[in-house]
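These are the residues of each chain, in order.
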Amino acid sequence: MIKVEGLTKRYARNVAVDNISFHVEKGEIVGFLGPNGAGKTTTMRVLTCFLPPTSGSAWVAGFDVQQQPMEVKKRIGYLPETPPLYPEMEVIEYLQFVGRLKGLSKVELPDRVAEVAKICAIDDVKYKLISKLSKGYRQRVGLAQAIIHNPDVLILDEPTAGLDPHQIIETRDLIKDLAKNGNHTIILSTHILPEVEATCQKVIIIAKGKLVATDSVENLTSRLRGSETVAVEVMARDGSADPQPVQQRLEKVSGVSRVLQKETADGRLRFIVESLQGRQIRPDLAKAVVEAGWSLNELHAVGLSLEEIFLQLTTSTKEGEASAEGDSVSETPAAAVHAEGAQ
Amino acid sequence: MNILTICRKEMNSYFRSPIAYIVMALWAVLSGFFFYFAMSFFVQRSIESQMMGQSFPMDVNEWVIRPLFSNISVIGLFLIPMITMRLFAEEKRSGTIELLVTSPVSDLEIILGKWLAAVTLYSCMLGLSLLSIGILFLFGRPDWKPMLVGFLGLLLQGGCLLAIGTWISTCTRNQIVAGVAGFAVSLLLYVLNWVSEFGSSASDKVIGYLSVQQHYESFARGVLDSKDVIFFVSLIFVGLFLTARSMESIRWRA
């Protein structure tokens, strides 16, 4: 459905996207993962025909974004990072305007507007001015705008940014529902890993404009779940604030590869413990602390941050153990040209 | 079809915001002021000429309409940048330009839609002047054809300044910058004929020829000259062409 080959976008002084290639099949939900300034927005803008690429090409639904932009635009729904809303319009007026702009006929228009208002749960604010809407509603109106012409391809730039946790879950469910019938191919960008786990089937990771990996979510997470990172908070019985004995004890637990000491306050000693590959260390850690007679205040697994994923992905390529099922894993992004501020 | 969609949306935002009402009110007040003084002057002169014993009647077209049209074209210089400044600058600032550009609509349709909306608002302003001119018909029998030409002149001059204002609005995301620059360019275009009044070299004449005022003057007199019509139409074309080029560069720079 989407094919990108050797895509490069160069600005005056920096390279925003550097020779990226990937493809997306019909009906897939793909997560576009990368830190800020990685080139996610730029790639999406090329796909939506907003920006012309410096070199390379991209096809959406079989149409070249440079040769046949009109055909591509007809088949694409796009939600930019800030929803493109006109504050002085009512929600329903806005949807009618976008519907007409996307080429819906007079006959289809009222039905489609009613339908997307229902799908995106904005029926109750239909006659409100957009300037009066909360952030969550604005995001949903933005999403409604993107799907109003029932596009084959949906491109969502950070669809959950700035929403509260409840709204995030709603938005994710909405996105999953859209893909359920298999009519929509969805690309969504994010810098939050759990988001990709929760919604996507496939992940494309880019950093500093370069493609780091494309893989299925299962492969990626299993690879990352190999080792565990645990946060521990311990209180010594006599209230002593000396972390040394605790740290030494924790290091002795089998399967622990590293113990990092964090800040200490009121006799609470905090540590970050990392495990070796494929080891479950939490039960043993708990046992060790209790047996030593300290009280265990807190013990929980910490999600891996994006930086750590990049680190893991890139080091694993260096060691030559390329992903089991990964489509492609490119060279390390360490040499990539900085692309800050390119978005 | 798409042009109308965009035009309708722009009209909507003009009349939802204070802009439409402010420019229309300012136009009504200023053009009414000019009308009042053109009328007072006319009345005074006709009393004087009667006292002097002149028996031939004074021409309303010559004494009221012509100075009125000359004067009110100046109001446009101030108000037209207020109409055009938000057209693209606001869309660029709020990011809605991304919606327009990624929709299956050509740049030309976007530009024409926006420009037509501006022209429509400007025509509404001109419509207000019909009221004062209507008063003339209550008390006299002025010739309506030169008036029609005068209105056509106002419309053409406005259309071309609006096209240039639209272009300036694509160059910035700051409305105030677009407004001030639009005003400066309009004013400059208006007074360019001073160059040919002082100098007489070929370049002076060419620059003077570009003056909007010079070409508008014949319309105010009630003369429909194809050369002036062509001048305005081509300036409109140039303005919209520059807008189209500038919009393309938005994509390259964004």
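Report follows, based on the coordinates. (Residues numbered from 1 in each chain as written. Chains lettered and ligands numbered in written order. Predicted model: local features only at pLDDT ≥ 70, side-chain atom pairs only at ≥ 80, totals over all residues.)

Brief notes about the overall build of chain A
So, step 1. Regarding its fold elements, chain A presents eleven helices and 15 strands.
So, step 2. Considering chain A as a whole, with its 343 residues, one finds that 41% of them fall into the buried category.
So, step 3. Contacts in chain A between residues at least 24 apart in sequence constitute 69% of all its contacts with a sequence separation of at least 6. (Helix = DSSP H or I, 4+ residues; strand = E, 2+ residues; numbered from the N terminus. Buried ≥ 20, exposed ≤ 12 C-beta atoms within 10 Å, placed from the backbone. Contact = placed C-beta atoms within 7 Å.)

Focus on the pairing of strand E8 (residues 185-190) of chain A
Residues and elements named next belong to chain A.
So, step 1. Of all six residues that make up E8, six are buried, and the element is covered over most of its length.
So, step 2. The side-chain alternation of E8 yields two buried faces, one formed by Thr185, Ile187 and Ser189 and the other by Ile186, Leu188 and Thr190.
So, step 3. Where strand E3 (residues 29-33) lies against E8, five bridges are found, and the strand directions are parallel. Its bridge partner being in E8, Leu33 is matched across the sheet by Thr190.
So, step 4. Of the strand pairs in this sheet, strand E7 (residues 153-157) and E8 are connected by five bridges, and their pairing is parallel. Across the sheet, the residue bridging to Val153 is Thr185, located in E8.
So, step 5. A crossover connection joins E7 to the parallel E8 through helix H6 (residues 165-180); in handedness this β-α-β unit is right-handed. (Pairing = 2+ DSSP bridges. Right-handed = clockwise from strand over helix to strand, strands pointing away.)

Comments concerning the environment of B:Ala38
All names here are of chain B.
So, step 1. Tracing the backbone through its elements, the reader meets Ala38 in helix H2 (residues 18-51).
So, step 2. When the C-alpha positions of Ala38 and Val212 are compared, they lie 23 Å apart, and in sequence the two are 174 residues distant.
So, step 3. Each residue touching Ala38, except ones within four places of it in the same chain, is listed here: Val64, Pro67 and Leu68.

Description of the sheet that holds strand E13 (residues 268-275) of chain A
Residues and elements named next belong to chain A.
So, step 1. One open sheet accounts for four strands, arranged E12-E13-E11-E14; its pairing is antiparallel. Taken across any chain shown, the strands that pair with only one partner, and hence form the sheet edges, are strand E12 (256-265) and strand E14 (295-301). Ignoring strand direction, the axes of neighbouring strands in this sheet form an average angle of 20 degrees.
So, step 2. Where helix H9 (residues 244-252) meets the sheet, it contacts strand E11 (229-235), E12 and E13, and its direction lies at approximately 155 degrees from that of E12.
So, step 3. Against the sheet, helix H10 (residues 282-291) engages E11, E13 and E14, with an angle of about 170 degrees to E14. (Axes fitted to C-alpha atoms, helices over the stretch in contact; angles between N-to-C directions.)

Observations concerning helix H8 (residues 175-191) of chain B
Residues and elements named next belong to chain B.
So, step 1. Helix length check: H8 (17 residues) gives 24 Å between terminal C-alpha atoms against 24 Å at 1.5 Å per residue, within 8%.
So, step 2. Along H8, the residues classified as buried are Gln175, Ala178, Gly179, Gly182, Phe183, Ser186 and Tyr190. One side of H8 holds all its buried residues, which, seen down the axis, span an arc of 130 degrees. Within H8, the exposed residues directed more than 90 degrees away from the buried face are Ile176 and Ala184. (Expected span 1.5 Å × (residues − 1). Arc of directions from axis to C-beta.)

Side note on the nonpolar core
So, step 1. By size, the foremost hydrophobic cluster in this structure holds 130 residues, and its most contacted members are A:Tyr94, A:Leu95, A:Ala144, A:Ile155, A:Ile186 and B:Cys160.
So, step 2. With eleven residues, the single largest contributor to this core is helix H3 (residues 60-84) of chain B. (Core = buried A, V, L, I, M, F, W, Y, C linked by C-beta atoms within 7 Å.)

Things to note about the interface of chain B and chain A
So, step 1. Listed by partner, the interface residues are 18 residues for chain B and 20 residues for chain A.
So, step 2. Counting residues per element, the side of chain B that touches chain A draws most heavily on helix H1 (residues 2-16) of chain B, at five residues.
So, step 3. A class-by-class count of the residues in the side of chain B that touches chain A yields six nonpolar, eight polar and four charged. (Nonpolar A, V, L, I, M, F, W, Y, C, P; charged D, E, K, R; others polar.)

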